[in-house]
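The residues making up each chain are set out below.
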Amino acid sequence: MNTYSFKFIHQKILIYAADRMCDTPEELLSSPLFREFLGHALNQLRHRRSPLLDIFENPEKINDDQVARLVETLIYLTKVRGEVVPNIVKDSDRFFRNNELLNDFVEYLYNYWRDFDRFVICSSAFSKMEEKPYRTFDDTIEHFTHLMRKTYRDIQENITGHHPAIYRQVRAGAEIAAITSNQFTTTPDGVYQKLRGIPIIRQILLNPPLILNPPMNKRTGRFVPADANPLDRIDIRTEEWFCFPARVGKLVILIYFHEKFAELGFSLCNLFELANNADLERKPDGIYLYGVPGDALDQLAKFPTIFHYDTTNDMLVAAVPNRDEFGYFGYLKKMALTLHNIRMMQRGAMPFHGALVNILLHSGSEATILMIGDTGAGKSETLEAFRIIGDDRIRDMTIIADDMGSLKISGPGRILGYGTEIGAYVRLDDLQAGYAFGQLDRTIIMNPDQVNARAVLPVTTYSRVVRGYPVDMILYANNYETVDEDHPLIEQFRTAEDALRVFREGTVMSKGTTTSTGLVHSYFANVFGPAQYRTEHEVIAGTYFDAFIKGGLFVGQIRTRLGISGSEAQGPEEAARALLGLIDAGNGKN
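Notes on the structure in this doc start here.

**What about the overall build of the protein chain?**
Moving on, step 1. Of the regular secondary structure elements, the protein chain holds 13 helices and 27 strands.
Moving on, step 2. Expected size for 590 residues packed as a compact globule is a radius of gyration near 25 Å; at 27 Å, the protein chain falls within 12% of this value.
Moving on, step 3. In the protein chain, once contacts between residues fewer than 6 apart in sequence are set aside, the share between residues at least 24 apart is 76%.
Moving on, step 4. When the accessible surface of the protein chain is split by element, carbon and sulfur atoms take 46% of a total near 24,200 Å².

Structure follows, in C-alpha cells:
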C-alpha cells in the first residue's frame, strides 16, 4: 500500500500524499487514517449517548478488540452480502442483530466524514507533479473520491441487499487538493531563512460549492505598523505552514498561513491569482504570516495585527496571531491588500478602496468608472443593479477591481486604473436575489447561517486586473444621505478641494461588516495603508486630484442610500439608473 501521512486539526483533516493513498476498499478501511477517524466518530457518538452504539454488545465498554472486529466486518461487507459475513468473521453476528441500525451506523460514518473540511496535499519534492497537475489530481484525488463512494455504497448494498434508486455524486474525497513545491527560495537571507522549507502551493484543485464555517464572521481593529520585524520574535515550525504566493495586482506577496486556518488559506485561490514560476524567481514585494502561534505579536502592538517595513532588506512583513478571534477571511484579504497599498504609495501611485469597471453600451458610449467607498457603501450593489437594469443596453461590462486597486498618472489628462484581485469577497445579503446561487459552481461560502455571511468567487481575469484602463469617472459612494433638490443622485465636484474634502472624510453608514456601527469616518475610506501613512498619502492625493480636475475627469459622488433604512434596494437601483443615463449621454467620458 502507498504511504502517506495525515493530521486531524479540529474539524479539518490534512492528508499528505505523494501518490495514491489507497487502491482498494480493504486498504482504505485497514488504513491508520480510517482507524483514527473511526475513533473520533465513536467518541462523538459516546458524547451524544447515541443509540447507534447499540450495534456493539456493550455500548458502555467498547474495547479495541470490538473496534477491530467492526473494521474487519466492514471490510468483508465491501465484498460479500451481509448474511455471509458472520460465517467469515468470528463474533460479527452481533453487528447484524439489527441490519437497519447497522446501516444507519454506516450512514452516520459517511456523513461524519463529510462534515470535516478535507484537504489533500501532494508534494512534488521528489517528482514533477506540477508539470502535469491534472494527472496528479486524477490519479490521487479523483481516485480517492471514487474509492470513498464505492466503499460506502458496497457496504450499504451488502447490508440492505438492494441497490439504491438514486445515486448522489457527493464530494466524498477531498474538497480541496494542492500540489506544493519546495524548490523556490525567494526570500532574503538572515531571519527570512526561517521560512525556507515551507511548501509553496503551485496548483489547487477546488470542488465547489464549498461551505465553510471559520471561527469568526467579522473583522475588528486596525492593522498597525510595528517597530520590530515579527520574524525576529517568532519561531516557525515549517511542517505546520503553507505558502500561497499571491499575485496582488502586479505585486507578488507570499502569504504564509498556519494549518489551523487551512480552510481560509486555501480559499485564497478564489481571490488572488497564483504566482507563476517566473514570479517566484524574484524577490517578493511582501511577506504575510497568518496564524502566528504564541503571544509574541502581543508584545509589538496593543492589537496584534501588525506590519513592519524592513528598510535594510526593503521588505514589508505582516503578521496576525493564531487565535480563533482572527479566524476570519477578511484578515487574510485585507492585510495582503494593505501591503499592496503601502508598496503602491512607496512607488508614487495612489491606492484606492473601491470598484473599478469598464462599461461599453450598445449606443457606442463607453466609460471606465471608479467608485470609491468603505465596506457597505453600496459599490457592489449599485454596479450589480446597473448590470441588471441595463441588461439590454450594455454591450460589455468588465470588472477591473472589485475592492482595491491603484491609480497611476501616465500623462496629461490620462489616469490609468489597476486592480488587485481576480475574485470578490461579498456579503450574501447584498447580492441580487439568486445571484450567488447562479455562481454556486465556482463559489466558496463562509458562515452562511450567521450575520455577515460571505461568498468568495472569481469575477475577472488577471490580465484585466493589470492591463491599466484609462479612468473617466471617479465617484465617492455615499450611502448615508437622502436625495433631494440640493443632494442629487450624482453630484459633480468642480474643484479638487471640494472633492478632497468628501473623499478625505470617508463617511459611511456602517452595515455591521466589522464591529463598527452607525455613521463612521475613515480617511479616504481606506484604513488599509493610507490611514497609517497619512502624511505621505496627502501629498499623493493632492497631486492626483489636481490631475483629475485638470484632466477633465468627472469627479463626484453617487448617493447609493444603502445605509438608509428602507432604501437598501431602491437606493442602489436609482443610483444605477442615474449612472446609466450619465454614461449613455456621454457625460462620463473624458
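After that view of the structure, there is still more to cover.
**Describing the environment of Ile 198**
Moving on, step 1. By the element assignment, Ile 198 lies in the loop between strand E4 (176–181) and strand E5 (200–206).
Moving on, step 2. Measuring from C-alpha to C-alpha, the distance between Ile 198 and Phe 184 comes to 9.8 Å, with 14 residues separating the pair along the chain.

**Focus on the sheet that holds strand E6 (residues 210–212)**
Moving on, step 1. Taken in spatial order, the four strands line up as E6-E20-E21-E19 in an open sheet, and their pairing is mixed. Each end of this open sheet is capped by a strand with a single partner; those strands are E6 and strand E19 (423–427). Adjacent strand axes in the sheet meet at a mean angle of 20°, parallel and antiparallel pairs treated alike.

**Looking at the nonpolar core**
Moving on, step 1. Among the nonpolar cores identified, the biggest contains 57 residues, and Ile 15, Leu 38, Leu 74 and Phe 105 are the most heavily contacted of them.
Moving on, step 2. For this core, the leading source of residues is helix H4 (residues 99–115), giving nine residues.
Moving on, step 3. If near-sequence neighbours (up to four positions away) are discounted, Leu 74 is found in contact with Leu 29, Phe 34, Val 106, Leu 109 and Ile 155.

**Side note on the environment of Gly 405**
Moving on, step 1. Tracing the backbone through its elements, the reader meets Gly 405 in strand E17 (residues 404–411).
Moving on, step 2. Sequence-wise, Gly 405 and His 340 are 65 residues apart; in three dimensions their C-alpha atoms are separated by 8.6 Å.
Moving on, step 3. When neighbours within four sequence positions are excluded, Gly 405 is seen to be in contact with His 340, Asn 341, Met 350, Pro 351, Phe 352, Tyr 418, Gly 419 and Thr 420.

**Here we look at empty space enclosed by the protein**
Moving on, step 1. Counted by the stated rule, this structure contains three cavities of 30 Å³ or more.
Moving on, step 2. Put simply, the largest cavity is a space of about 230 Å³.
Moving on, step 3. Lining the largest cavity are 14 residues, with Leu 29, Phe 34, Leu 109, Met 148 and Thr 151 positioned closest to its centre.
Moving on, step 4. Among the elements of the structure, helix H1 (25–30), helix H2 (32–48), H4 and helix H5 (133–160) are those that each provide at least two residues to the lining of the largest cavity.
Moving on, step 5. Put simply, the second largest cavity is a space of about 90 Å³.
Moving on, step 6. Together, Asn 182, Phe 184, Thr 185, Thr 186, Thr 187, Leu 195, Arg 196, Gly 197, Ile 198, Ile 200 and Tyr 256 line the second largest cavity.

**Things to note about the packing of H2 against helix H3 (residues 64–77)**
Moving on, step 1. Two elements in contact, H2 and H3, have axes separated by 12 Å at closest approach and are oriented at 115°. H3 is crossed by H2, and the crossing has right-handed handedness. Contacts between H2 and H3 pair Phe 34, Arg 35, Leu 38 and Leu 42 from the former with Val 67, Ala 68, Leu 70, Val 71 and Leu 74 from the latter.
Moving on, step 2. In terms of residue class, the contact of H2 with H3 is built from eight nonpolar, no polar and one charged.

About the cut-offs
- Residues numbered from 1 in each chain as written.
- Predicted model: local features only at pLDDT ≥ 70, side-chain atom pairs only at ≥ 80, totals over all residues.
- Heavy atoms only, no water.
- Helix = DSSP H or I, 4+ residues; strand = E, 2+ residues; numbered from the N terminus.
- Rg over C-alpha atoms; globule rule 2.2 N^0.38 Å.
- Contact = heavy atoms within 4.5 Å.
- Areas by Shrake-Rupley, 256 points an atom, 1.4 Å probe, with all protein chains shown as cover.
- Pairing = 2+ DSSP bridges.
- Axes fitted to C-alpha atoms, helices over the stretch in contact; angles between N-to-C directions.
- Core = buried A, V, L, I, M, F, W, Y, C linked by side-chain atoms within 4.5 Å.
- Buried < 20%, exposed > 50% of the residue type's maximum accessible area, 1.4 Å probe, protein only.
- 1 Å grid on protein atoms, 1.4 Å probe; cavity = no way out; pocket = protein on both sides within 12 Å on 5 of 7 lines; lining within 4 Å.
- Points joined across faces, edges and corners; volume = space filled by probe spheres on them.
- Left-handed = near helix turned anticlockwise from the far one by under 90°.
- Nonpolar A, V, L, I, M, F, W, Y, C, P; charged D, E, K, R; others polar.

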